[in-house]
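Architecture at a glance
Listed below, chain by chain, are the residues.
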Amino acid sequence: MRSNSRRKLDERLFVEQVQECMNNGYLLSSKKIGSGAFSKVYLAYATRERMKHNPKLASDLRAKRHSMVAIKIVSMAEAPVEYSRKFLPREISSLNATYKHLNIVQLYETYQNSQRSYLVLELAARGDLLEHINAVSDLRGCPGLEEEEARRLFWQLVSAVAHCHDAGIVHRDLKCENILLDDQGFLKLTDFGFANCVGLKNSLLSTFCGSVAYTAPEILMSKKYNGEQADLWSLGIILHAMVSGKLPFKEHQPHRMLHLIRRGPVFKPGLSSGCRDLIRGLLQLHPCARLGLQQVAAHCWMLPADHTLSSALGATPEQEHPQSATAPGHTESGRDTYTSKSCSTSRGGTSPRRVSLAQAFSTWRPAPEE
Ligand SMILES: Nc1ncnc2c1ncn2[C@@H]1O[C@H](COP(=O)(O)OP(=O)(O)OP(=O)(O)O)[C@@H](O)[C@H]1O
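Residues numbered from 1 in each chain as written. Predicted model: local features only at pLDDT ≥ 70, side-chain atom pairs only at ≥ 80, totals over all residues. Heavy atoms only, no water.

Per an unreviewed UniProt entry, the recorded name for the chain is non-specific serine/threonine protein kinase, and the organism is Peromyscus maniculatus bairdii.

Digging into the overall build of the chain
Put simply, the rule is: The helix and strand labels rest on DSSP assignments: H or I over at least four residues marks a helix, E over at least two residues marks a strand, and numbering proceeds from the N terminus. Exposure categories follow from relative accessible area, calculated using a 1.4 Å probe and restricted to protein chains: below 20% of the type maximum is buried, above 50% is exposed, and the middle band is partly exposed. Only heavy atoms enter the contact rule, under which two residues are in contact if any of them lie within 4.5 Å. Accessible surface is estimated by sampling points in the Shrake-Rupley manner with a 1.4 Å probe; for residues, cover comes only from the protein chains shown.
Along the backbone of the chain there are 14 helices and nine strands. Per-residue burial for the chain yields a buried fraction of 50% across its 370 residues. A sequence separation of at least 24 residues applies to 65% of the contacts in the chain between residues at least 6 apart. For the chain, the exposed surface amounts to about 18200 Å²; the carbon and sulfur share of it is 53%.

Considering the sheet that holds strand E5 (residues 116-122)
Let me state the cut-off plainly: Two strands are counted as paired when DSSP detects at least two bridges linking them. Working convention: axes come from line fits to C-alpha atoms, limited for helices to the stretch in contact. Angles between N-to-C directions cover 0 to 180 degrees.
Read across the sheet, five strands follow the order E1-E2-E3-E5-E4 without closing on themselves; strand pairing throughout is antiparallel. Single-partner strands in this sheet number two, and they are strand E1 (26-35) and strand E4 (107-112). Each strand axis lies, on average, 25° off the axis of its neighbour in the sheet, ignoring direction. With seven bridges connecting them, strand E2 (residues 39-46) and strand E3 (residues 68-75) associate as antiparallel partners. Of the residues in E3, the one forming a bridge with Ser 39 is Val 74. In this fold helix H3 (residues 55-64) packs onto E1, E2, E3, E4 and E5, with an angle of close to 130° to the strand it touches most, E4.

Digging into the packing of aromatic side chains
The condition is simple: Aromatic rings from Phe, Tyr and Trp, with only the six-membered ring used for Trp, were paired whenever their centres fell within 6.5 Å, and each pair was classed as stacked if the ring planes differed by under 30 degrees, edge-to-face if by over 60, and tilted otherwise.
All told, the structure shown has six aromatic pairs when counted by the stated rule. Judged by centre distance (6.1 Å) and plane angle (20°), the rings of Trp 233 and Phe 249 are stacked. Of this pair, Trp 233 sits in helix H8 (residues 227-244) while Phe 249 sits in the loop between H8 and helix H9 (254-263), and the two are 16 residues apart along the sequence. Neither Trp 233 nor Phe 249 differs from the other in exposure class; each is buried. Put simply, the rings of Tyr 26, Tyr 111 and Tyr 118 pair up and form one aromatic cluster.

What to know about the confidence of the model for the chain
If pLDDT is low for a region, its predicted coordinates should not be looked at in detail. Selection criterion: Every residue carries a pLDDT, the predictor's confidence in it, which falls somewhere between 0 and 100.
On average, residues of the chain carry a pLDDT of 83, and 78% of them reach 70 or more. Counting interchain partners and residues more than four positions distant, the pLDDT-below-50 stretch residues 344-356 has 41 contacts. Prediction confidence for the complex, expressed as pTM and ipTM, is 0.83 and 0.96 respectively.

Focus on unusual backbone geometry
Positive phi values are uncommon outside glycine, yet Lys 100 reaches one of about 65°. For Lys 100, the position within the fold is in the loop between helix H4 (81-97) and E4. Residue Asp 191 is not a glycine yet carries a positive backbone phi of 60°. Looking at the element boundaries, Asp 191 is found in the loop between strand E8 (187-189) and strand E9 (196-197). Judged by relative accessible area, which is 29%, Asp 191 ranks as partly exposed.

The structure is reproduced here in structure tokens:
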């Protein structure tokens, strides 16, 4: 009896949502493609009429040759005030600030009433990175993606994060579940609920965000932290998960996590030295010692022979892969800084020909998956 009335209530609610979407130019389907703590995400179709009024939506969908979008519906009644007043507006403003990047889920528009907020998003129909890693691992009978595929996806992720950082946005919740894939195999970074706008490059943050397994040690130690450097740590964890099929450090308690982190990651046999080197470069205990995005982009593991990025970065081969003169863990300033053993990259990007990360990545377009 109870479940019957619950079902009727759900049906009535869904009809209301269909009507509200219709009033705003979208046909909401009953296909639920995901749910969050306070939201449900449905497959929907943009009407021609709507496309006429939203040039961003129209140009994107024309290129994709379909009219599908994902509509995230947030129930204001269910969401706590902090979510609707703080996290949801942050998610919306971060998505607006990271507009027009191939590897970031696009927000086409929002509409709301007193009961619900609707976010019309680019559809990423092929699930998240975690599901992908697990599916590929099962198929191969061996944990993790092939390094070639991991490189292709990691490039896209680094490009997306570079775009966010260039726009002054730190994500703070980078993890495999927040990385979606679309039907062409493009990676799409999503879930900007914990993102923060860091106006001043060196300003420090103090809020604990994200999942422990992906969280930088300085945050686990409750220190003030630099959001960009914390994102770099999470990138190292994600790359490890891609190539190994598992997380490098797995503990629920922060102090136990720190213990594991101090011992360093364990790599699976057969993983290339370049990939190990890059992961180690990102998983440096000291935030300042981590490779920056420029160094990641110029790392030898990231560059297949025919890659054009070196010219975009304006670096000569010597600048890109200089022989390290300092021992690992030491720099002229005496700071405990990572220095790559197998393929070192220049730190700091002080070359006068240095270009912005956005420029560096703009020449590169990931090829769709076969
Ligand atoms: N643009 C999209 N395309 C396809 N699927 C999506 C899209 N956005 C979200 N999803 C799916 O819906 C799920 C819920 O997304 P949503 O952003 O509401 O929740 P979340 O923020 O990940 O969860 P929580 O609120 O618990 O942190 C995601 O895990 C994903 O599977």
